[in-house]
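The chain contents come next:
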Amino acid sequence: MIRTHTRHAVLPLLSAITCVLCGCDGQGLESSASLNTTRVIGESGTYNGQFVYPRGMDIFEYEGAPHAILVDKTARLQLMNLETGTVIGAIHTPRWDRGKPTGLTAAPSLLNESKLAIYVADTHEFRVLMYELPLEPTDDPQPTEPDFQFGSFGEEPGQFIYPTDIAVDTDENNAVTDIYVSEYGGNDRINHFRIDRSTNPPSVIWDSQIGVVGEEVDASDHPLAMSRPQSIELWTNPTTNQREIVVTSASHHRIGRITTQGELITWFGDPLDTSDTAFNFPYGLTILEDNTALIAEFGGNRITRIDLESGEHLFRYGETGRSVGQLAQPWAVGVAGDQLVILDSGNSRLQFCDLPIDLPPEYAQPGAGGTP
Amino acid sequence: MTHSTLAELAIGPIQFQRETYLLLIPILAILTIFIARKSISGLGKSSRVVALVVRLIAITLIVAALAEPSIRDVSKDVGVTVIVDASRSIPSGAQEQIDAYIAQAQQDSRQSNDELGVITVAENAYSQASVSRATTRVDRQFIGATDGTNLMSGVSLAIASAPDNVANRIVLISDGNETDGSLLRAAQAAKAQGIPIDILPVEFAYADEVIVENVQVPANSRVGDTVTLKVVLNATTPAAGRLLISQDGTLIDINPADETELGKIVELNPGRNVLSVALDVTRPGAITYEAVFEPLTGLTAEGNSTGTQGDSITENNRGSAITFVGSEGTVLIVADDSNEAVVFEDVLARAKVATRRIPSSQFPTSLPELASYEGIVFLNQSAYAYSEAQQELLRQYIKDTGGGLVMVGGPESFGAGGWIGSPLADALPIRLDPPQKRQMPRGALALIVHSVEIPQGVFYGKEISNAAVDALSRLDLVGIIEYQGLGGTDWVYPMSPVGDRVAVKQAIQNLTFGDMPSFDPSLQLALSGLSNAAAGQKHCIVISDGDPSMSRSLLRDFKSAGITISAVGVNPHSPSDTNTLRTMANVTGGTYYAVANNALATLPQIFIKEAQTIRRALIWEGEPFSPARTGVPSETMRGINAVPPINGYVVAAEREGLSLVTLRGKEEDPIAAQWQYGLGRVVTFTSDASTRWAGSWVAWPGFSQFWEQHIRWTMRPSGDATLRVSTENIGEKTRVIIEAFDPEGERLNFADFQARTSTPDGEGVSVEVQQVGPGRYEGEFNTADAGEYVVNLLYRAPGSDGNVINGSAQAAVTRPFADEFKALETNLPLLKQVASITGGRELPSDPSLADIWGRDGLEMPVTLTPAWLLFAIIGIGIFLLDVAVRRVRIDPAMIAAFVRRGATKESRKSEASTEAMRMARTRAQSRTGDDRKQQSSRKFEANPERAKSAEPIALTGEEEQDKPTIGKPKRTVEKPKEEPTDSLSALRAAKKRARDDMNNNEND
């Protein structure tokens, strides 16, 4: 269990009262409701358990307990046990003078399917890094070379400008088969790579490009026009039984569903919609087991849950601010136990929130970005 | 929640703020007992005692609530802020020892909830880690400049950031040598806050050290003289080294006997050594000599090498001095178009005034060099050709050294040349902003600012924005857009006239430089704001590292609206960012500027240049007309009654005060104006001196007279007397000594000196000069800061023949290195005084004995949580119990039965909850475990159990077993007769029963 507090009957009751007072019934929300934060981890700083504007998080089960991998603007990766709040491993990426990573995904290692690894979108170094777990247990993290890396700067197929997130697909034996990398910086798209296991170590072979950079403000120049695809996830549509990529096209303020072959299924949201109900720079994305998705809205300072099949908004939580229960530029969101875990980047902390409704666990797709 | 260390009345963990209310308790208790004798006499004995006790407790609690009780929570934790002196006076290697000391002290003294914070201090203090449990070691992220020590700022920062939920200590690790601020004053502040400062002196004494204390050269000399340069060196031990002398940055040979050696090998005795070098003066102007001592070896008493270098700090091994080599007054002509300059050279050559012509790129960068000219003529010079420092030098040259400036216009000059808001603008006799009465086309500028991810990026960002606004005229429109982290993209200063700049500068001060994800919202706002602005020139400037996303179609909208974008790339993360910003500029017709981390100081210049694009409106061009002579009597216009026509000039406004306008243009605009600024004089002429705007002037017979009179009026007077000026360093002050002789060679007495010195911070100061002997005058001024000081002396004295003798002289003083490098040992007395003032300790050198987190002598902070409501609620609850004791009969057997039922239910619930947890844990097992296949299969197909449970419940006609039933159940039990439930009804019923009984009795 993550929460340290015993669940009292009064808590759901108070939450329910709060929800009623805020006009929230857990369904079809249009206005954002307050968060019931029961626990906060982190503060501004450079020591273990502290963050300097953390910009990437993935929550996953590790050694029998929920853990989060986090990266901040000091280019430090911290592996944190979410039950105890302790950091059990920390490293620096090898270089960070140009900028720091933003996207993290926990998935089986490319080199050894029995090991779990962290895939790092090393954004400003134009590459993807992979570190097998465990990370070095230290309170003085050092620059560490990855166990595997690929990518170089450029606009050619398979090259990156600013990679933002990684989604990993595996076969039934847990072996990595495909890697999807989203990127922006004038080359806004998703690169699809296949894993060639005829070599040792395996090779990452470029397969296809999904999406193109949007030149028009309203994204009218191409059906798959993207502007800063910040997060990607893989998901199997229960209706069609088809693999899909779900992407947050942050600067177009919309969420897309695309087949792994690169065909658009639908967009949720409109780049020109500036109403309160529209997405406002959706950054973080986590799919849940019940085929809904949690979206961390960087610009809206809130967490929105949508039905992935219909796009219907199921709830929206979060107020702008610095106090506990308020958010400042959240980059990521996840679920641990039955609590909402929000990477409250602008406040350099993690907030654990109780909801009046039960949240299902994160979608158990191995390797998909941002899921356990 | 409040924090207090005062204890008004504390009983255990409860503290009462208004304890006098508690006196009510015994009074009310006696009253209660008295009343209770009658009111509860009807109860049984035990009930009576219980009722009385309960009532007394209720009264006690309610009265206690009135006394404002709070729950005291005394902190047990200590927060230590370590202030580490990171200045260069601390010997290298000491920092590692400091880290090790703190690490060891933590092991021995720090308890689990104790906190640590780290502040480094050099020229400025920086918080490296806030006081926190998470902080475990001394980190140094950005320590700023290290050429000074401001321990006061470190202590002040520590006090300001001390958390209030722990007892605080400050540990100051320093050599105690401060160059700025007052540590003692900070110690008083710490004492007032109750924070002791423990000291850990970094003890050192440089055994082998050589300092160049002073370099002396006569302040004035003439070409052909041989001057003696004296170098004063202070050595702690005997040492040998090489003395090198350079003149204006070029080494000169002071050892002609040895062809392979430019310097002179010298041996130094302990104490002060004075070395003299004879040097020939070969050219006029200011000459800077620099002496450098290169240590070679330490020496024994017998003069043998010790094998060591003989010197520890090399930063203090240099010194310099300046001599002004006299000549006939020289005027510096600065022009980038030689045709314009030639005309002035001819005029001054005929007037027998020596000139030197340079382009703007060769403009002097030091004040002494500038001060060697008596006057400067600027021809059509634009501000962006000069650094901010050079513009400031020019202002000081006029104000403090008495130099003259003639500023002649052209399309690149005055307001159109970016001088609005520059340091020089203060020195000009006209205001460069156009007068309000002029209806002129305006410029509009939208500034888009994005995060500048470098140390002090926000500071530079604000400087840049200020520079951009300063460069605009008051009529121009300006607006600022930024991404505010919590509020999204918006105008932080809506598009509006610059005016007096107060409001817009306030907006700049509040900028946060948010990290915008996309340029689109900002560009859309700027486009809309600029499109709607009533302005002739419209321009947008984007400051960014270039990584936000951007829709290129917006740039086409800018282009079609005729709005240009200039992009300033500050440390772009990648070629792609550069490309984004360059595209902005290229598509819209603006300019792209790449600014590296180390070139930030040049950024304001970019904005001055950029703002120029919207200031072309300040130029008037039209039909030729002759500027009107104002008729004001002036030395500059002597014998000139009319001037030829001009067909263009830069519009400016008249300046109130002592400014004198001698020629006016359209709508009374000043064309020629003059004034005295500080010790110097300035003339402005807003038209030009070429065929562009003043074609008929060169052929005009009065041309030479006009310009010669104007230039001569501004030139610093060379004087008739002979002044020998020398300077002498006395601690942090410098004494200037003047020996004055009249033209006959007699000592000049009763001279009235007006003296001023420039200072490194740009603020000139007046120097009081007094006669101390026949023909001898002295004055003193402060030279504590490192840098150059130029003293200008203007004098007036009665001559022997009754005439007035006047003139001027200069002297220069340099302080080549900061005080940081003067300290040769630890200032232990100061540190001990600080510990003594604040009640701190001198920490031992053994960290295991330091007990940095020690509780001794600390007053632990108390947190008070108001508890009156709790008292009141419990009191009222007990009061209700009081009623219940008297009115309700308690059946213990019934309570026991109730408890038993409850326990059975809880046990069932607990079993159910354990089962739920077990299921959750199973679901959450590791992906990489053996259950992997099971999970894998689940994600590709809907979970049948889950799908089933998710189905809506179908309502059928048949009732299912163990399901909730719909509709009312059949009643098999007859409804019991309704009994009264409330006390009023009970009372009524009792009354009715009594009445019935009475009736029955009567009937009976």
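Residues numbered from 1 in each chain as written. Chains lettered and ligands numbered in written order. Predicted model: local features only at pLDDT ≥ 70, side-chain atom pairs only at ≥ 80, totals over all residues.

Some details on the overall build of chain A
Reasoning step 1: Secondary structure summary: chain A contains one helix and 28 strands in total.
Reasoning step 2: Expressed as a percentage of the 372 residues in chain A, the buried residues total 56%. (Helix = DSSP H or I, 4+ residues; strand = E, 2+ residues; numbered from the N terminus. Buried ≥ 20, exposed ≤ 12 C-beta atoms within 10 Å, placed from the backbone.)

Considerations on the overall build of chain B
Reasoning step 1: Broken down by element type, chain B carries 21 helices and 45 strands.
Reasoning step 2: Residues counted as buried form 41% of the 1004 residues belonging to chain B.
Reasoning step 3: Within chain B, residue pairs in contact and separated by at least 24 positions form 77% of the contacts whose partners lie at least 6 positions apart. (Contact = placed C-beta atoms within 7 Å.)

Topic: the interface of chain B and chain A
Reasoning step 1: If you look at the interface, chain B gives 39 residues, while chain A gives 55 residues.
Reasoning step 2: Looking at the side of chain B that touches chain A, the elements that each hand over two or more residues are β7 (125-132), α12 (553-560), α13 (575-588) and α19 (932-940) of chain B.
Reasoning step 3: The biggest single contributor to the side of chain B that touches chain A is α19(B), with seven residues.
Reasoning step 4: Considering only residue class, the side of chain B that touches chain A consists of eight nonpolar, 20 polar and eleven charged. (Nonpolar A, V, L, I, M, F, W, Y, C, P; charged D, E, K, R; others polar.)

Describing the pairing of strand β10 (residues 210-216) of chain B
Residue and element names in this part refer to chain B.
Reasoning step 1: Within β10, five of the seven residues are buried, which leaves it mostly tucked inside the rest of the structure.
Reasoning step 2: Here β10 pairs with strand β12 (residues 226-235) via six bridges, running antiparallel. When the bridges of β12 are listed, N214 appears paired with V232. (Pairing = 2+ DSSP bridges.)

Some points on the sheet that holds strand β28 (residues 564-570) of chain B
Within a sheet, each strand pairs with its neighbour through backbone hydrogen bonds, oriented either parallel or antiparallel.
Residues and elements named next belong to chain B.
Reasoning step 1: Spatially, six strands are ordered β26-β25-β24-β27-β28-β29 in an open sheet, and the strand pairing comes out mixed. Strands with a single pairing partner mark the edges of an open sheet, and in this sheet they are β26 (488-497) and β29 (592-595). Within the sheet, the average angular offset between the axes of one strand and its neighbour, ignoring direction, is 15°.
Reasoning step 2: In this fold α13 packs onto β27 (537-544), β28 and β29, with an angle of close to 160° to the strand it touches most, β28. (Axes fitted to C-alpha atoms, helices over the stretch in contact; angles between N-to-C directions.)

Digging into the sheet that holds β10(B)
Residues and elements named next belong to chain B.
Reasoning step 1: Taken together, three strands build an open sheet; the order of strands is β10-β12-β16 and the sheet is antiparallel. Two strands in the sheet have a free side with no partner beyond their single neighbour: β10 and β16 (271-280). Averaged over all pairs of adjacent strands, the angle between their axes in this sheet comes to 25°, without regard to strand direction.

A closer look at the packing of helix α5 (residues 183-192) of chain B against helix α16 (residues 828-838) of chain B
Residue and element names in this part refer to chain B.
Reasoning step 1: At their nearest, the axes of α5 and α16 sit 9 Å apart, and the two run at 20° to each other. Relative to α16, the element α5 is oriented roughly parallel. Note on packing geometry: the crossing formed by α5 with α16 is right-handed. On α16, the residues that touch L183, L184, A187, Q188, A190 and K191 of α5 are L830, Q833, V834, I837 and T838.
Reasoning step 2: Partitioned by chemical class, the residues of the contact of α5 with α16 number seven nonpolar, three polar and one charged. (Parallel < 35°, antiparallel > 145°, perpendicular 65-115°, else oblique. Left-handed = near helix turned anticlockwise from the far one by under 90°.)

Observations concerning the confidence of the model for chain A
All names here are of chain A.
Reasoning step 1: The pLDDT averaged across chain A works out to 88; a share of 90% of its residues lies at or above 70.
Reasoning step 2: Within the model, the stretch residues 1-30 combines pLDDT values under 50 with 42 contacts to residues more than four positions away or in other chains.
Reasoning step 3: Here residues 366-372 is modelled with pLDDT under 50, and outside its nearest four sequence neighbours on either side it reaches 44 contacts, counting other chains as well. (pLDDT = per-residue confidence, 0-100.)

A look at unusual backbone geometry
Reasoning step 1: A cis amide bond links A:L133 with the next residue in sequence, A:P134, at an omega value of 5°.
Reasoning step 2: Structurally, A:P134 is set in the loop between β8 (127-132) and β9 (148-150).
Reasoning step 3: Cis peptide bonds are those with omega within 30 degrees of zero, and the linkage from A:N200 to A:P201 qualifies with 0°.
Reasoning step 4: Here B:F414, not a glycine, exhibits a phi torsion of approximately 50°, which is positive.
Reasoning step 5: Relative to the helices and strands, B:F414 is located in the loop between β22 (404-408) and β23 (430-431).

Quick notes on the nonpolar core
Reasoning step 1: In this structure, B:V334, B:V377, B:A446, B:C540 and B:V542 are the most contacted members of the largest nonpolar core, which totals 164 residues.
Reasoning step 2: Setting aside its immediate chain neighbours within four residues, B:V542 contacts B:I448, B:I565, B:A567, B:V568, B:L581 and B:M584.
Reasoning step 3: Counting residues in each nonpolar core, the second largest holds 98 residues, with A:M130, A:W235, A:L327 and A:A336 among its members. (Core = buried A, V, L, I, M, F, W, Y, C linked by C-beta atoms within 7 Å.)

Focus on the confidence of the model for chain B
All names here are of chain B.
Reasoning step 1: Here chain B averages 81 in pLDDT, while 83% of its residues score no lower than 70.
Reasoning step 2: Mean pLDDT across the elements of chain B ranges from a minimum in α19, with 38, to a maximum in β22, with 96.
Reasoning step 3: Overall, residues 1-7 carries pLDDT values under 50, and its contacts beyond four positions in sequence, including any with other chains, amount to 14 contacts.
Reasoning step 4: Residue range residues 920-981 is modelled with pLDDT below 50. Its contacts to residues more than four positions away, or to other chains, number 38 contacts.
Reasoning step 5: For this predicted complex, the interface confidence comes out at an ipTM of 0.84, alongside a pTM of 0.66.

Some words on the environment of B:R724
Residues and elements named next belong to chain B.
Reasoning step 1: Position of R724 among the secondary structure elements: in strand β37 (residues 722-730).
Reasoning step 2: When the C-alpha atoms of R724 and S221 are compared, they prove to be 8.6 Å apart, with 503 residues separating the residues in sequence.
Reasoning step 3: Look past the residues within four positions of R724 in its chain and what remains in contact with it is N220 and E739.

Overview of helix α6 (residues 338-350) of chain B
All names here are of chain B.
Reasoning step 1: Under the 1.5 Å per step criterion, the end-to-end length of α6 is 18 Å for 13 residues, consistent within 8% with the ideal 18 Å.
Reasoning step 2: Looking only at α6, the buried set comprises E340, A341, F344, V347 and L348. Here the buried residues of α6 occupy an arc of 120° about the axis, which is enough to place them on one side. Of the residues in α6, the exposed ones pointing more than 90 degrees away from the buried face are S338, N339, A349 and R350.
Reasoning step 3: Taken together, the buried residues of α6 touch β19 (330-335), β20 (354-358), β21 (375-379) and α15 (703-714).
Reasoning step 4: K352 lies just past α6 and shows a positive phi near 60°. (Expected span 1.5 Å × (residues − 1). Arc of directions from axis to C-beta.)

A short note on the packing of α12(B) against α13(B)
Residue and element names in this part refer to chain B.
Reasoning step 1: Relative orientation of the contacting elements α12 and α13 amounts to 30°, with a least axis distance of 8 Å. Overall, the two elements α12 and α13 adopt an arrangement that is roughly parallel. For the pair α12 and α13, the crossing hand works out as right-handed. Touching L555, R556, F558 and K559 of α12 are T583, M584, V587 and T588, all from α13.
Reasoning step 2: Classifying every residue of the contact of α12 with α13 gives four nonpolar, two polar and two charged.

So, the pairing of strand β26 (residues 332-336) of chain A
All names here are of chain A.
Reasoning step 1: The buried count for β26 comes to five of five residues, which makes it a mostly enclosed element.
Reasoning step 2: Neither face of β26 is left uncovered, since the one carrying A332, G334 and A336 and the one carrying V333 and V335 both have all their residues buried.
Reasoning step 3: Hairpin connection from β26 to strand β27 (residues 339-344): two residues lie between these consecutive antiparallel strands, with G337 at a positive phi of about 65°.

Some thoughts on the environment of B:M152
All names here are of chain B.
Reasoning step 1: Note that M152 resides in helix α4 (residues 151-160).
Reasoning step 2: M152 gets classed as buried once you count the C-beta atoms within 10 Å, which come to 20.
Reasoning step 3: Separated by 35 residues in sequence, M152 and A187 place their C-alpha atoms 8.1 Å apart.
Reasoning step 4: Not counting residues within four places of it along the chain, the set of residues in contact with M152 comprises G181, S182, L183, R185 and A186.

Observations regarding α5(B)
Residues and elements named next belong to chain B.
Reasoning step 1: Taken as a whole, α5 has its buried residues at L183, A186, A187 and A190. Around the axis of α5, the buried residues are gathered within 105° of arc, so they sit on the same side. Among the exposed residues of α5, those oriented more than 90 degrees off its buried face are R185 and A192.
Reasoning step 2: Among the structural elements, α4, β8 (167-174), β9 (197-201) and α16 are those in contact with the buried residues of α5.
Reasoning step 3: Positive backbone phi, at 70°, marks G194, one or two positions downstream of α5.

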